[in-house]
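A closer look at the structure
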Amino acid sequence: MSINLQWYPGHMTKARRAMEESLRLVDMIVEIRDARLPYSSANPDLAGMGQGKKRILILNKSDLADPEETEKWMAAFRQQDMIPLSMDARVRGDCTGILRLLNELAAEKKAKDLKRGIKNRPARLMVAGIPNVGKSTLINSLAGRASTKTGDKPGVTRGLQWIRLSASLELLDTPGILWPRFEEEAVGLKLALMGAIREEILPAEELALAGRKLLEERYPKALTERYGLSEDNSPAWLTELAQKQSLLQKGGEPDTARAAARFLDDLKKGKLGRITLESP
Ligand code: GDP
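None of the values given here were measured: they were computed from a predicted structure.

In terms of domain boundaries, the protein chain breaks down into domain 1 (10-173) and domain 2 (203-268). Placing the centre of domain 1 and that of domain 2 at their C-alpha centroids yields a distance of 38 Å.

Written as structure tokens, this is what we have:
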């Protein structure tokens, strides 16, 4: 399966270098993943980057994810010494939690710096993650609360803007964009199903079939509940779905292509319920 062609090796090297450059300027990294895919939406290299920096892990789009699974993932991440938070980055209220946490970490850093006699400056952070996980949305939500761009600073790479979030906290306004684990076939499939990559990795009907298989393993009732499909696992399910949803061709024949598109769209938008496609 060839997916995500935009990430040819040259681009990956460039993205990695840009990320490493930004990382040198910050004290904390806020990594965003998709709560529906806490494994598959991770960048394989990020864990090894920015050693010694504080890390906050956001499971975003938690409004679309299975709350029980999100809890399990959060517990697993805590065991790995990460600080996980789940949220909907579009909701300003959800940003209160992360802002509180960031300010606490900034205060800790300040205390440490003072002890070591280091002149205090605001703690700096950046947001990083694979495309589409909600990086810009989070930056906008955070910035919206206290949007004062601090502009270029001497000694800082030109063009980088810092947004002051509080007296002791500054946010880099450009997120670090990283590539997914696309060498794993199942990862590409899940990312496509959740709309995290737009590339068409498979024809819609095949993708729908693969999606249905995954759904059946984890949420066997979802299709029956949403569409009233029979539970007999019939290979003609797209025909049945087209009929149930009145997706018909001109001659009145069931339109399976539109049925596949409808299913995929509903899956992405959470209309088949709150779904998480992998467990810790
Ligand atoms: P980026 O590529 O990581 O910067 O992702 P964006 O911030 O552009 O978000 C990608 C899409 O996901 C946009 O359509 C957002 O509105 C949507 N989005 C972001 N955060 C959330 C969330 O927590 N829940 C839901 N349902 N959608 C979100």
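The rest of the description comes next.
Moving on, we get to the site of the ligand. If you check the shell around the ligand, you find 15 residues, and the closest are Asp63, Asn132, Lys135, Ser136 and Thr137. In the model, an oxygen atom of the ligand is placed 3.0 Å from a nitrogen or oxygen of the Lys61 side chain. Take Asn132: an N or O atom from its main chain is 2.8 Å from an oxygen atom of the ligand. Per-element tally for the shell around the ligand: the top contributor is helix H4 (residues 135-145), with three residues. Considering only residue class, the shell around the ligand consists of five nonpolar, five polar and five charged.

The next subject is the pattern of salt bridges. For the structure shown, the criterion picks out 17 salt bridges. Across the salt bridge formed by Arg218 and Glu69, the nearest N and O atoms sit 3.6 Å from each other. One end of the pair, Arg218, is in helix H6 (residues 204-218); the other, Glu69, is in helix H2 (residues 67-79), and 149 residues separate them in sequence. We classify Arg218 as partly exposed; its relative accessible area is 25%. Overall, Glu69 belongs to the buried group, its relative accessible area being 9%. Salt-bridge contacts for Arg90 lead to Asp88; the nearest nitrogen and oxygen are separated by 2.7 Å. For Asp88, a relative accessible area of 10% corresponds to the buried category.

Another point: the nonpolar core. In this structure, Met28, Val30, Ile98, Leu138, Leu193, Leu215 and Phe263 are the most contacted members of the largest nonpolar core, which totals 60 residues. Looking at this core element by element, the count peaks at seven residues for helix H3 (residues 92-115). Of the domains in this structure, domain 1 (10-173) and domain 2 (203-268) are the two that each give at least three residues to this core. The residues touching Leu193, leaving out its near neighbours within four places in the chain, are Leu207, Gly211, Leu214, Leu264, Leu267, Lys268 and Leu277. Met19, Val26, Ala128 and Trp179 belong to the second-largest nonpolar core, a separate cluster that totals 15 residues.

Phi angles above zero are rare outside glycine, and Asp81 is one such case at about 65°. Tracing the backbone through its elements, the reader meets Asp81 in the loop between H2 and strand E3 (83-87). The exposure class assigned to Asp81 is exposed, which follows from its relative accessible area of 74%.

Here we come to the packing of helix H5 (residues 185-193) against H6. It is the contact of H5 with H6, at a shortest axis distance of 10 Å, that shows an interaxial angle of 100°. Considering the angle they form, H5 stands roughly perpendicular to H6. Between H5 and H6, the residues in contact are Leu189, Lys190, Ala192 and Leu193 and Leu207, Ala210, Gly211 and Leu214, respectively.

What follows deals with helix H9 (residues 256-269). In this model, H9 (14 residues) spans 20 Å end to end at C-alpha, consistent with the 20 Å of a helix rising 1.5 Å per residue. Of all the residues in H9, the buried ones are Ala259, Ala260, Phe263, Leu264, Asp266 and Leu267. Down the axis of H9, the sector holding all buried residues measures 165°, keeping them to one side. Backbone nitrogen of Ala257 and a side-chain oxygen of the N-cap are separated by 3.3 Å at the start of H9; the cap is Asp255. At the C-terminal side of H9, Gly270 shows a positive phi close to 85°.

Further remarks concern the side chain of Arg33. Its location among the elements puts Arg33 in strand E1 (residues 28-34). Within the structure, Arg33 has its side chain in polar contact with the backbone oxygen of Pro38 (distance 2.8 Å). If we ignore the near neighbours within four places in the chain, the residues touching Arg33 are Pro38, Ser41, Ala42, Leu57, Ile58, Leu59, Asn60, Phe77 and Val133.

Thresholds applied
- Residues numbered from 1 in each chain as written.
- Predicted model: local features only at pLDDT ≥ 70, side-chain atom pairs only at ≥ 80, totals over all residues.
- Heavy atoms only, no water.
- Domains from an automatic or database assignment.
- Near = heavy atom within 4 Å.
- Polar contact = N/O pair within 3.5 Å; in protein donor to acceptor, adjacent residues only side chain to side chain.
- Helix = DSSP H or I, 4+ residues; strand = E, 2+ residues; numbered from the N terminus.
- Nonpolar A, V, L, I, M, F, W, Y, C, P; charged D, E, K, R; others polar.
- Salt bridge = Lys/Arg side-chain N within 4 Å of Asp/Glu carboxyl O.
- Buried < 20%, exposed > 50% of the residue type's maximum accessible area, 1.4 Å probe, protein only.
- Core = buried A, V, L, I, M, F, W, Y, C linked by side-chain atoms within 4.5 Å.
- Contact = heavy atoms within 4.5 Å.
- Axes fitted to C-alpha atoms, helices over the stretch in contact; angles between N-to-C directions.
- Parallel < 35°, antiparallel > 145°, perpendicular 65-115°, else oblique.
- Expected span 1.5 Å × (residues − 1).
- Arc of directions from axis to C-beta.

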